[in-house]
Amino acid sequence: MDEMVLAALAKWPNVPDVYGWLKLDGRGDWLILDSRVSHAGLSEFMHRNVGVDERGACFVQNGPQRVFYQYATAPCVVSWQAATWQARPQFDLSCGIDHTWWVDEGALYLGFGQTLAAVDDRDLPLLLGCLYHADGRPLDDWPQAGAQFIVADQRVPLEVISRTDLLHRYQLCINPDAQQSTDCVLGQSR
């Protein structure tokens, strides 16, 4: 997190949380009250200052205030650029991919340690070419159990799963709610 955010937290520790007006779309762009954030500086500030609380609810730390956000796919969206993963928001991906999932909605998700990331749909045509059968043959049909994801010399088994089960596995809350702030429904929208 930014130094000024940490300083604000120390100075004003008991500012109430905000719910219901911030979203992250499936391409990693921010929406405030369903309007896209177009100011690059604000968007990048928000991308740098994210976290996940003990309930699995995701937030942007805006100075001393936590602004909880809903997300369309996952708390983090990644794209493959210049032979490296770019994350929006900026969660730590340094541990590398340890899990891959094909979700029944037709999406690819990657696990980087404790971080679940959805692949930006614009990268799917390229990355679907990185799916292989267990014996190394290119996967020429719908992803299935026993397949593997191979990118940048890294081989990771591919699991087919529902999005709800995947979010539950990561103990993530899609839509934190102020009225239910201590009882977030894991893997489900409200």
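The preceding data block contains the structure.
Residues numbered from 1 in each chain as written. Predicted model: local features only at pLDDT ≥ 70, side-chain atom pairs only at ≥ 80, totals over all residues. Heavy atoms only, no water.

Asks: Explain the layout of surface pockets here, please?
Replies: Where empty space is left can be seen by rolling a probe of water-molecule size over the atoms. In this structure, the largest pocket occupies an estimated 170 Å³ of space. In terms of residue class, the lining of the largest pocket is built from 6 nonpolar, 4 polar and 3 charged. (1 Å grid on protein atoms, 1.4 Å probe; cavity = no way out; pocket = protein on both sides within 12 Å on 5 of 7 lines; lining within 4 Å. Points joined across faces, edges and corners; volume = space filled by probe spheres on them. Nonpolar A, V, L, I, M, F, W, Y, C, P; charged D, E, K, R; others polar.)

Asks: Whenever I open this one, unusual backbone geometry confuses me. Can you help?
Replies: With an omega dihedral of -10 degrees, the bond running from Arg88 to Pro89 counts as a cis peptide bond. When you line up the elements, Pro89 lands in the loop between strand S8 (84-88) and strand S9 (99-103). One non-glycine residue, Ala83, adopts positive backbone phi at about 60 degrees. Positive phi, close to 55 degrees, is recorded for Gln171, a residue that is not glycine. Along the chain, the position of Gln171 falls in the segment after helix H4 (163-169). (Helix = DSSP H or I, 4+ residues; strand = E, 2+ residues; numbered from the N terminus.)

Asks: Got a minute to help me understand the pairing of S9 in this structure?
Replies: On a regular strand, one side chain projects to one face of the sheet and the next to the other, so that they alternate. Along S9, 4 of the 5 residues are buried, which leaves the element largely enclosed by surrounding structure. Pairing between S9 and strand S10 (residues 107-112): 5 bridges, direction antiparallel. Looking at S10, one finds that Trp101 is bridged to Tyr109. The antiparallel pairing of S9 with S10 creates a hairpin that spans 3 residues between the two strands, and Gly106 there sits at a positive phi of about 90 degrees. Across 4 bridges, the pairing between S9 and strand S14 (residues 154-161) is parallel. Counterpart to Thr100 in the pairing with S14 is Leu158. (Buried < 20%, exposed > 50% of the residue type's maximum accessible area, 1.4 Å probe, protein only. Pairing = 2+ DSSP bridges.)

Asks: I would appreciate a short explanation of the pairing of strand S5 (residues 58-62) in the present structure.
Replies: S5 sits mainly inside the fold: 4 of its 5 residues count as buried. By the bridge criterion, 3 bridges tie strand S4 (residues 50-52) to S5 in an arrangement that is antiparallel. In the strand pairing of S5, Val52 is matched with Cys58. In this structure, the hairpin formed by S4 and S5 is closed by a connection of 5 residues, where Gly56 is found at a positive phi of approximately 90 degrees. Of the strand pairs in this sheet, S5 and strand S6 (residues 65-71) are connected by 4 bridges, and their pairing is antiparallel. Note that in S6 the partner of Phe59 across the bridge is Phe68. Hairpin connection, S5 to S6: the antiparallel pair is bridged by 2 residues, and Gly63 has positive phi, about 65 degrees.

Asks: Please clarify how the side chain of Thr100 should be interpreted in this entry.
Replies: As for its placement among the helices and strands, Thr100 is situated in strand S9. Of the polar contacts made by the side chain of Thr100, one reaches the backbone oxygen of Pro157; its length is 2.7 Å. Ignoring anything within four residues of it in the chain, the contact list for Thr100 reads Tyr109, Leu110, Phe149, Val156, Pro157, Leu158 and Glu159. (Polar contact = N/O pair within 3.5 Å; in protein donor to acceptor, adjacent residues only side chain to side chain. Contact = heavy atoms within 4.5 Å.)

Everything listed here is a matter of geometry and, on its own, says nothing about what the molecule does.
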